[in-house]
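Chain residues, written in single-letter form:
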Amino acid sequence: MAYDRFGRRLHYLRISVTDHCNLRCVYCMPEDATFMPNSALMTQAEILRLGRLFASVGFDKVRLTGGEPTVRPDIVEIVRGLRAIRGIREITMTTNGILLARLAKPLAEAGLDRVNISLDTLNPAKFRRLTRRGDIEDVIEGIYAAEEAGLKPVKINAVVVRGYNEADVVDLARLTIEHPWQVRFIEMMPFAGATEFQRLMLVTAEQMKARIEANLGKLEPVDGGALRGEARMYRIPGARGEIGFIASVSKPFCAACTRARLTADGRLRLCLLREDEVDLLSPLRRGATDEEMRRLIVNALWRKPWGHGLAQGEVPQDRSMNQIGG
Ligand code: SAM
Ligand code: SF4
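A. Main features of the site of ligand 1. Close to ligand 1 lie 18 residues; Y27, G67, E68, S118 and M189 are nearest. Backbone polar atom of G67 to a nitrogen atom of ligand 1: 2.9 Å apart, as the coordinates give it. A distance of 2.5 Å is found between an oxygen atom of ligand 1 and a side-chain nitrogen or oxygen belonging to S118. At the level of elements, β5 (90-95) and β7 (155-160) are the ones that each hand at least two residues to the shell around ligand 1. Grouping the constituent residues of the shell around ligand 1 by class yields six nonpolar, ten polar and two charged.

In structure tokens, the structure reads:
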């Protein structure tokens, strides 16, 4: 088991399998984003070796993210390889859904348990403005394909941006009446690449909830309004699905954090919003033994920072979101 110096048991690994993406969302990266060369990205074998090492120190949950994880040609093989690792109980993915209509079934067959699909609006023109490219129809087809493939419960993640989609929370929330989906609204976090935009255009979870309630009536708390992972969950009375709010900026959930992250270039990132990282890929490529790697990982995890410093105005400037995976 791996613990940090504050006694938090760390067991959830988020792996950014690539920083490349087929969209350019305004809150994630600049329009002219450049990506790492493939040689800098972890190979499939390197991802699986690190997966085994993390499992051997008690990690049991893996999320594949990016960039866009489905643009990696070997993504199905990566899932299959992770599934074969003893100790890994749950494998999930965060995806923009563009390629999911084709990939949902093979991914499920390879052992993927669930997907979170990012969709910030149901309006095609606004979708295009937020993602700067891409066709919303592909995402909608992807959502149905995921459901059909058994990647359930389907979770839909929406980042809410003032001046872009703050009114769209109502239509997105309405989806949960008919569908057993979890629609989760995320506060936009400031990050390198678009910091000023992200700060100015923040909509808080409280504002999102107020808008939904003004249109759809009072929401019922699920689990007494307790945190489930990073979200507080609610329900429209009688609805089949649930609505969640992830208030990473206005109400951080750092005390309950159980996560570590691998960046696309194989750095262990100890907190999404702090620059502290430990290079795992270089020693791996230099031939470090499993025992040496394990020591490096456990010692690094011990130093996980208590939490992020957004409230103090500390914004990470070293990387954009797609390299770390959100
Ligand atoms: N490409 C995939 C996708 O969009 O789902 C996975 C990677 S993306 C970086 C992971 C998540 O981070 C997505 O749900 C995305 O909406 C979210 N995200 C990106 N930039 C963000 C920001 N500045 N603040 C909050 N969430 C952000
Ligand atoms: Fe790509 Fe996801 Fe970033 Fe959008 S949020 S640009 S889909 S990595």
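Back to the write-up after that little detour.
B. Region of interest: the nonpolar core. Membership of the largest hydrophobic core comes to 106 residues, with the highest contact counts inside it found for L64 and F185. Sort the elements by how many residues they give to this core and helix α1 (residues 44-56) lands first, with six residues.

C. Main features of the pattern of salt bridges. Scanning the model with the defined rule gives 24 salt bridges in all. Here K61 and E90 are joined by a salt bridge, their closest N and O atoms 3.9 Å apart. Remark: E90 occurs in strand β5 and K61 occurs in strand β4 (residues 61-65); sequence separation between them is 29 residues. Assessed through its relative accessible area of 18%, E90 is described here as buried. R184 is paired through a salt bridge with E230; the nearest N and O atoms lie 3.7 Å apart. Separated by 46 residues along the polypeptide, R184 in strand β8 (residues 182-187) and E230 in the loop between β10 (227-228) and β11 (231-235) bring together distant segments of the chain. E230 matches R184 in its accessibility class, with the two residues each being buried. A cluster of three or more residues bridged by salt bridges with shared partners is formed by D223, R228, R235 and E242.

D. Structural context of the packing of aromatic side chains. Counted under the stated rule, the structure contains five aromatic pairs. Ring geometry for Y144 and W181: centres 5.8 Å apart, planes at 65°, overall edge-to-face. Here W181 lies in the loop between α6 (169-178) and β8 and Y144 lies in helix α5 (residues 136-148), a separation of 37 residues in the sequence. The class of W181 is buried, set by a relative accessible area of 3%. Among the aromatic residues, ring-to-ring pairing joins F185, Y234 and F245 into one connected group. The ring of Y12 has K61 lying over it, and the distance from NZ or CZ to the ring centre is 4.2 Å. Lying over the aromatic face of Y164, R129 brings its terminal NZ or CZ to 4.0 Å of the ring centre.

E. Up close: the pairing of strand β12 (residues 242-246). By the criterion of burial, β12 is predominantly enclosed, with five of the five residues buried. Taking every second residue as pointing to the same face, both faces of β12 are buried, with E242, G244 and I246 on one and I243 and F245 on the other. Taken together, the five bridges between β8 and β12 define a ladder with parallel strand orientation. Residue pairing for β12: R184 is matched across the bridge by G244. Where β11 lies against β12, three bridges are found, and the strand directions are antiparallel. Across the sheet, Y234 pairs through a bridge with I243, a residue of β12.

F. Region of the structure containing unusual backbone geometry. Geometrically, the link from K152 to P153 is a cis peptide bond, its omega value of -5° lying close to zero. Tracing the backbone through its elements, the reader meets P153 in the loop between α5 and β7. At R132, a position not held by glycine, the phi torsion is positive, near 60°. Here R132 shows up in the loop between α4 (124-131) and α5. On the basis of relative accessibility, which here comes to 25%, the residue R132 falls in the partly exposed class. At D223, a residue that is not glycine, the phi angle is positive and equals roughly 55°. Positionally, D223 belongs in the loop between β9 (220-221) and β10.

Thresholds, definitions, all that
- Residues numbered from 1 in each chain as written.
- Chains lettered and ligands numbered in written order.
- Predicted model: local features only at pLDDT ≥ 70, side-chain atom pairs only at ≥ 80, totals over all residues.
- Heavy atoms only, no water.
- Near = heavy atom within 4 Å.
- Polar contact = N/O pair within 3.5 Å; in protein donor to acceptor, adjacent residues only side chain to side chain.
- Helix = DSSP H or I, 4+ residues; strand = E, 2+ residues; numbered from the N terminus.
- Nonpolar A, V, L, I, M, F, W, Y, C, P; charged D, E, K, R; others polar.
- Core = buried A, V, L, I, M, F, W, Y, C linked by side-chain atoms within 4.5 Å.
- Buried < 20%, exposed > 50% of the residue type's maximum accessible area, 1.4 Å probe, protein only.
- Salt bridge = Lys/Arg side-chain N within 4 Å of Asp/Glu carboxyl O.
- Phe/Tyr/Trp six-rings, centres within 6.5 Å; stacked < 30°, edge-to-face > 60°.
- Lys NZ or Arg CZ within 6 Å of the ring centre and 35° of its normal.
- Pairing = 2+ DSSP bridges.

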